[in-house]
Amino acid sequence: MSTCIKFQKMHELSIVMSIVEMAEKEVKKANAEKVDSIELEIGTLSGVEMEAFDFAWQISLKDTVMENAERKIHRTKAKARCADCGYVFYSKTLYDECPKCGQPFNEILSGREMRVKTLTVS
Ligand SMILES: [Zn+2]
């Protein structure tokens, strides 16, 4: 159990660290000093655990260009398309049954993404 939690935190930590890395490059490119705000899009099926993400965020941003950045997170709802009848619906897991025909095999259309939507620097 504890190894599982540790692993989860490491996963989120590496995500946050790559965001910081990217932000540092952007700041350099724009000849700026810091990041003012950042908007993230995190799908509900991205595997990102928000509690761990917040924890990683707190410990990773100190003394970086991101330290005082305002953070906005959009949680994008996952959409799936039934492989049988083609019905598109919001899916809570990777294996939700189709609400129309009860078939469990679906194609996930969105909700797995984890991306930086906007980044403003000054
Ligand atoms: Zn269906």
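Going by the structure above, here's the rest.
Residue positions are counted from 1 within each chain, in the order its sequence is given. In keeping with the model being predicted, local features are shown solely for residues with a pLDDT of at least 70 and side-chain atom pairs are shown and tallied solely at 80 or more, while totals for entire chains, interfaces and linings include all residues. The side-chain numbers reported here are obtained from all heavy atoms of the structure, hydrogens and water having been left aside.

1. Topic: the pattern of salt bridges
Any carboxyl oxygen of Asp or Glu that lies within 4 Å of a side-chain nitrogen of Lys or Arg is treated as forming a salt bridge with it. One pass over the full model with this rule turns up six salt bridges. Its salt-bridge partner being D36, residue K34 comes within 2.9 Å of it at the nearest N-O pair. Only protein chains enter the accessibility calculation, which uses a 1.4 Å probe; a residue is then buried when its area is under 20% of its type maximum, exposed when over 50%, and partly exposed in between. On the basis of relative accessibility, which here comes to 30%, the residue D36 falls in the partly exposed class. Across the pair D54 and R71 runs a salt bridge whose closest N-O atoms are separated by 2.6 Å. Of this pair, D54 sits in helix 2 (residues 50-60) while R71 sits in strand 2 (residues 70-76); the two residues are 17 residues apart in sequence, bridging distant segments of the chain. A helix here means a DSSP run of H or I that spans at least four residues, while a strand means a run of E at least two residues long, and both kinds are numbered starting from the N terminus.

2. Here's the deal with the nonpolar core
V16, I19, V35, L40, F53, W57 and M66 are the most contacted members of the largest nonpolar core, which has 18 residues in total. Sorting the residues of this core by element identifies helix 1 (2-29), strand 1 (35-43) and helix 2 as the ones contributing at least two each. When residues in this core are grouped by element, the largest group, six residues, is from helix 1. In this description, contact between two residues means that some pair of their heavy atoms is separated by no more than 4.5 Å. Dropping the residues within four chain positions of it, M66 is found in contact with I19, V20, A23, V35, I38, W57 and L61. Here, nonpolar core refers to any group of buried Ala, Val, Leu, Ile, Met, Phe, Trp, Tyr and Cys residues whose side-chain atoms link them within 4.5 Å.

3. Topic: the packing of aromatic side chains
Two rings from Phe, Tyr or Trp (for Trp, the six-membered ring) form a pair when their centres are within 6.5 Å of each other. A pair whose planes differ by under 30 degrees is stacked, one over 60 is edge-to-face, and the rest are tilted. All told, the structure shown has two aromatic pairs when counted by the stated rule. Centre to centre, the rings of Y87 and F89 are 6.2 Å apart; their planes meet at 15°, and the pair counts as stacked. When its relative accessible area of 31% is taken as the criterion, Y87 is described as partly exposed. Residue classification places F89 among the buried positions, given a relative accessible area of 7%. K77 extends its terminal NZ or CZ atom over the ring of Y90, reaching a point 4.4 Å from the ring centre. Placement of a positive charge over a ring is assigned whenever Lys NZ or Arg CZ falls within 6 Å of the ring centre and within 35 degrees of the normal to the ring plane.

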